[in-house]
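# Descriptive structure summary
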Amino acid sequence: MSGGVGGGAVGSAKTPADFLKSIRGRPVVVKLNSGVDYRGILACLDGYMNIAMEQTEEYVNGQLKNKYGDAFIRGNNVLYISTTKRTLGDA
């Protein structure tokens, strides 16, 4: 009864696929192996991590370089996908 450190529910562990399904339609940051970040709305992705995004912005070294309506990123270039937080980068 006395909970351990972390407090996570062991019986309801989520897989990476569950995470990716849950963030579809939400703002994300996609970091490429080259270090370039793409920020926008995750439209869809497939089993190869190919990603379609909407309202996409390209950031190089933290600076906005370009804006795209829609963007497609080939999965083998993706380092990670992260959900965005409104408090970052706006200062």
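Quick notes on the rules
- Residues numbered from 1 in each chain as written.
- Predicted model: local features only at pLDDT ≥ 70, side-chain atom pairs only at ≥ 80, totals over all residues.
- Heavy atoms only, no water.
- Phe/Tyr/Trp six-rings, centres within 6.5 Å; stacked < 30°, edge-to-face > 60°.
- Lys NZ or Arg CZ within 6 Å of the ring centre and 35° of its normal.
- Pairing = 2+ DSSP bridges.
- Helix = DSSP H or I, 4+ residues; strand = E, 2+ residues; numbered from the N terminus.
- Axes fitted to C-alpha atoms, helices over the stretch in contact; angles between N-to-C directions.
- pLDDT = per-residue confidence, 0-100.
- Contact = heavy atoms within 4.5 Å.
- Salt bridge = Lys/Arg side-chain N within 4 Å of Asp/Glu carboxyl O.
- Buried < 20%, exposed > 50% of the residue type's maximum accessible area, 1.4 Å probe, protein only.

## A look at the packing of aromatic side chains
- Inspection of every chain in the model, using the stated rule, returns zero aromatic pairs.
- A cation over an aromatic ring shows up here: R39 above the ring of Y59, its NZ or CZ 4.1 Å from the ring centre.

## Quick look at the sheet that holds strand β2 (residues 37-45)
- Spatially, the five strands line up as an open sheet ordered β4-β3-β2-β1-β5, and their pairing is antiparallel. For this open sheet the edge positions go to β4 (63-73) and β5 (78-83), each flanked by a neighbour on one side alone. Taken over all neighbouring pairs, the strand axes of this sheet differ in orientation by 25 degrees on average, direction set aside.
- Across five bridges, strand β1 (residues 27-32) lies against β2 in antiparallel orientation. Looking at the pairing, P27 lines up with I41 of β2.

## Things to note about the confidence of the model for the protein chain
- Put simply, the protein chain has an average pLDDT of 84, and 79% of its residues get 70 or more.
- Across the protein chain, strand β3 (residues 51-60) holds the top mean pLDDT of 97, while helix α1 (residues 16-22) sits lowest at 85.
- Note that residues 1-8 has pLDDT below 50 and, in this model, zero contacts with residues that lie over four places away or in other chains.

## Some words on the pattern of salt bridges
- Tallying each qualifying case throughout the model produces three salt bridges.
- Here D37 and R39 are joined by a salt bridge, their closest N and O atoms 3.8 Å apart.
- On the basis of relative accessibility, which here comes to 13%, the residue D37 falls in the buried class.
- The class for R39 is partly exposed, based on a relative accessible area of 28%.

## Points about the side chain of T56
- With respect to the helices, strands and loops of the structure, T56 is situated in strand β3.
- According to the relative accessible area criterion, T56 is buried, its value standing at 0%.

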